[in-house]
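This is what each chain is made of:
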Amino acid sequence: MAVPWLDVVRFADTVGYHGDQNVNVFPYRDYVIDSFNRNKPFDQFTIEQLAGDLLPKPTQEQLIATGFNRLNMVTREGGAQPGEYLAKYAADRVRTVSTAWLGSTMGCCECHDHKYDPFSTKDFYSMEAFFADIRQWGVYNDYTYTPNPDLKGWSNDHPFPPEIDADSPYLRRSMERFQQKIDELCASTAKKLKTDARQRTAFDQWRQRSAEFLKQWPSGWATPLPTVTLPDNDTNAPLKTTFTVESDGSIFFDGLPVDNTRVELELPRGWLSAIQVELIPDDRHGGGILRGTNDSTTITLSASLKSPGDEAAKHLSFYHAEADHKEERYSNGFAIIGVKDAWSTSKEDQKSPQTAVWLLDKPVQAKEGDTLMLRFGKNAAGRLRVSVSPFAAEHPLESGGGEPLRKALSRSSRASRGLVNETYLLSTAWDEEAFAQYKKFYSDVLECRDGKSPTVVAVAWKPTVTRVLPRGNWQNQNGEIVQPAAPHFLPQIPNPDGRRLTRLDLAKWLVSRDNPLTARAIVNRLWKQFFGTGISAVVDDLGAQGEWPVHPELLDWLAVEFMDSGWNSKRLVKLMVMSSTYRQSSNPRLEIKEIDPNNRLLASQSPRRLEAEFVRDNALFIAGLLNPDLGGPSAHPYQPAGYYANLQFPDRDYYPDRDERQYRRGLYTHWQRTFLHPMLANFDAPSREECAASRNVSNTPQQALTLLNDPTFMEASRVFAERLLSSKPESDDARLDLVYKEALARPIKPKEQESLEQFLELQREHYKANPDEAKKLMRVGLAPEPKNANEAELAAWTQVCRVVLNLHETITRY
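This section reports on the structure supplied with the text.

Definitions and limits used
- Residues numbered from 1 in each chain as written.
- Predicted model: local features only at pLDDT ≥ 70, side-chain atom pairs only at ≥ 80, totals over all residues.
- Heavy atoms only, no water.
- Pairing = 2+ DSSP bridges.
- Helix = DSSP H or I, 4+ residues; strand = E, 2+ residues; numbered from the N terminus.
- Buried < 20%, exposed > 50% of the residue type's maximum accessible area, 1.4 Å probe, protein only.
- Patch = residues over 30% accessible without salt bridge, like charges linked within 9 Å, V, L, I, M, F, W, Y side chains within 5 Å.
- Areas by Shrake-Rupley, 256 points an atom, 1.4 Å probe, with all protein chains shown as cover.
- Salt bridge = Lys/Arg side-chain N within 4 Å of Asp/Glu carboxyl O.
- 1 Å grid on protein atoms, 1.4 Å probe; cavity = no way out; pocket = protein on both sides within 12 Å on 5 of 7 lines; lining within 4 Å.
- Points joined across faces, edges and corners; volume = space filled by probe spheres on them.
- Nonpolar A, V, L, I, M, F, W, Y, C, P; charged D, E, K, R; others polar.
- Phe/Tyr/Trp six-rings, centres within 6.5 Å; stacked < 30°, edge-to-face > 60°.
- Lys NZ or Arg CZ within 6 Å of the ring centre and 35° of its normal.

### Section: the pairing of strand S8 (residues 301-306)
Working step 1: Alignment of S8 against strand S15 (residues 371-376), held across six bridges, turns out to be antiparallel. Opposite Ser302, over in S15, you have Arg375 as the bridge partner.
Working step 2: Taken together, the three bridges between S8 and strand S9 (residues 314-316) define a ladder with antiparallel strand orientation. Note that in S9 the partner of Ser304 across the bridge is His315.

### A closer look at the environment of Thr466
Working step 1: Looking at the element boundaries, Thr466 is found in the loop between strand S17 (452-456) and helix H12 (503-510).
Working step 2: By relative accessible area, Thr466 is classed as buried at 7%.
Working step 3: Between the C-alpha atoms of Thr466 and Phe130, which are 336 residues apart in sequence, the distance is 9.3 Å.

### Thoughts on a nonpolar patch on the surface
Working step 1: A cluster of nonpolar side chains, Leu225, Phe243 and Val245, forms an exposed patch at the surface whose accessible area comes to about 250 Å².
Working step 2: Counting through the fold element by element, Val245 comes out in strand S3 (residues 242-245).
Working step 3: Looking at Val245, the relative accessible area reads 32%, which means it is partly exposed.

### Digging into unusual backbone geometry
Working step 1: Residues Pro161 and Pro162 are joined by a peptide bond in cis, for which omega reads 0 degrees.
Working step 2: Along the polypeptide, Pro162 turns up in the loop between helix H6 (121-129) and strand S1 (163-167).
Working step 3: With phi around 60 degrees, Asn39 is a residue other than glycine that occupies positive phi space.
Working step 4: For Asn332, which is not glycine, the phi dihedral falls at a positive 50 degrees.
Working step 5: One can find Asn332 in the loop between strand S11 (330-331) and strand S12 (334-335).

### Quick word on empty space enclosed by the protein
Working step 1: Scanning the model with the defined rule gives four cavities of 30 Å³ or more in all.
Working step 2: Lining the largest cavity are 13 residues, and of these Val15, Val23, Arg70, Leu71 and Asn72 sit closest to its centre.
Working step 3: Taken together, the residues of the lining of the largest cavity sort by class into nine nonpolar, two polar and two charged.
Working step 4: Estimates place the volume of the second largest cavity at around 80 Å³.
Working step 5: Lining the second largest cavity, in full, are Thr241, Phe253, Val258, Thr261, Arg291, Phe376, Gly377, Asn379 and Leu384.
Working step 6: Looking at side-chain class alone, the lining of the second largest cavity contains four nonpolar, four polar and one charged residues.

### Some details on the layout of surface pockets
Working step 1: By volume, the second largest pocket amounts to about 1400 Å³.
Working step 2: Around the second largest pocket sit 47 residues that line it, and Met1, Pro4, Gln529, Glu611 and Phe614 are the ones nearest its centre.
Working step 3: Counting only elements with at least two residues in the lining of the second largest pocket, the list comes to helix H1 (2-8), helix H2 (26-37), helix H13 (518-531), helix H15 (569-577), strand S18 (608-609), helix H16 (612-623) and strand S19 (812-813).
Working step 4: Across the lining of the second largest pocket, the residue classes tally to 27 nonpolar, nine polar and 11 charged.

### Some details on the pattern of salt bridges
For side chains of opposite charge, pairing can occur when their charged atoms come near one another.
Working step 1: Counted by the stated rule, this structure contains 53 salt bridges.
Working step 2: Close ionic contact of Arg589 with Glu591 constitutes a salt bridge, the shortest N to O distance being 3.0 Å.
Working step 3: Salt bridges sharing common partners tie together Glu246, Asp248, Glu278, Asp282, Arg284, Arg383 and Arg385.

### Some words on the packing of aromatic side chains
Working step 1: Inspection of every chain in the model, using the stated rule, returns 38 aromatic pairs.
Working step 2: Grouping aromatic residues by their ring pairs yields a cluster made of Trp5, Phe11, Tyr28, Tyr31, Phe36, Phe42, Phe45, Phe68, Trp101, Phe562 and Trp567.
Working step 3: Across from the ring centre of Phe252, 3.8 Å away, lies the NZ or CZ of Arg284, which sits over that ring.
Working step 4: Over the aromatic face of Tyr668 sits the side chain of Arg664, whose NZ or CZ is 4.0 Å from the ring centroid.

### So, the pairing of strand S6 (residues 270-279)
Working step 1: Across the 10 residues of S6, eight count as buried, placing the element largely inside the fold.
Working step 2: When S6 meets strand S14 (residues 354-366), the two strands line up antiparallel, connected through nine bridges. Looking at S14, one finds that Val277 is bridged to Ala356.
Working step 3: Pairing analysis gives six bridges linking S6 to strand S16 (residues 383-389), with the strands arranged antiparallel. Directly across from Leu279, in S16, lies its bridge partner Leu384.

Shown next, in the form of structure tokens:
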């Protein structure tokens, strides 16, 4: 139910124009799916999408729904003219609303009155005026020629405001699942400590040394006096950089920032697992943390360990870092998690202390005389202090342990033992395999972003002036100024007070009993969804250039039923699929084939190919791989390497998901407008650059090649074959029959069986003679390689399954 609606509203994960950057929008898709699942009345569904932000005390769900108003393509291309693109955005909204709700082609009216329907150019721009209050920018950047103070400092990596942080049940569930895995991992390592005497001895020694460390440094952080070395090329005069090491171990800097400042600390004996950098306000810098006139700076840090007698220092890497105050940094629309690569200090908190902590990718044991060597990139820190700790924590800023860890070390309660055991693992990586697993699970937790995601929404501001643009020319501002209004020939929106009408008025009018078009347009599209063709075949044009309904009374009756039921979508679906018309056989009736070759009289059910997303879902389901999870960010199925090579601003690559997300349903596939996933494109999915009420249905060689060679279908075939070989029927005949029952829901026919038996024997001979090819086939995809399997036999059956998944019948809905 969601896929056709997402086509109509042109839902995509990217903005379309120029760099086609990512946009935060998946919560809107979740809203659509959830609305259909909960059978939200269609009138409410309409109002929330068009004007949820204008409702009294709108809920988060209603604000997410307004993302509909932000699904148009936008740009941040340097040189793009804001006025031109604002005109494009406005026209796109009119085309979408008129197609989605009115089943009309108002797009013609952007330049002239409609040639066939009663829509006028003034109607087009009066419809535009409803959306003139949406906060937006013609160019989503702050260029000299188009200053946008709200977007100051924006780049191609930034998101597209306005946004809200939305709760995501999918992310929340995922985070809880990964956190549970971490808890289970820590519990299992604790059990291992109890049963391994050697490890238990090492643990007891660590406890004793940890207590001694915390006695000397109660905060859990040691601050050795640093040795500072400035780069040799610091010749900035008279503002040459100077520094002073203070008694508390901090370093006061003055003068111009320089690159590659080196700070060395002589480490105490024992473990090193975390490094802390504090920026301290200082009166010598006006009570701020930075020198000069800077309101923010970026701290980059690299580390190495030098032992006495070693010629070269050992590089130390980090797996995570976080700061208590920071400016968000972005990569292709998404906020970068943590500050591991760079810490941009907070502008608002420039007068307050700011701290960041880096966690070592692998904790190290420092010996007597070992030196920690740190290099800082160019920054404007005014006073900086570096501390080290042997105690890492799940959350970097909780590293050091302090008083809670000191108490836990001296107690034996379950909670204390849990804290101590976890700290021991994270601070020493004593169990390397468990520590590696922990980092993977922790990375997954971080990706869940505390169960929230930003999402674009509509925010109202003062409406801009809307004019009729003669011949659609955005540069001609001499046209008549228009106010929001319904098309002149349709029943008008009640407005006794003569006020300016809003998007909320429009939404209510679209689903009012006085509007003769909306119910018919929705019912006609839904009929097409279940019968292959609408009652009027041209579902995006119910006007004079469309097709007269083959059963006009039926269309009228269904439209009235839809409204009378309270716009109940599930009731309407049930009405259709329980009808005797829907439940007919799809075998054509030969006696009327010549009279009705296209089955418009519905003498039988109409077979039709599955839509692109469901071609893939069907194969995964047959194989037992389909992931049924609902909601969440878009998934990234396998895709040819280098497919995004020509995407720029920013440059990017595509990384297929390497976990269960690889097998998510097709509607969750990342939708890159300018480079749509090849499998989706081959099976006629629209790019969603424009509203698409109907998909083309082609039959091309590329489709057969996709079903044969796309890694998704290769992997599905192999896993399907594994299921067959592990099933009870062991004869070839029985297994071939099972293939057909699983994939096609019918028994195999004698000629099909004979053909496939011959094919199976040929494949067996081939893979027995070429075992390396069989082994290669076992490695396709993420599904684990089968253990103790006859690889030649499995490869032969994999080829049989490839044939069956490639059948026209497999991808056809009967």
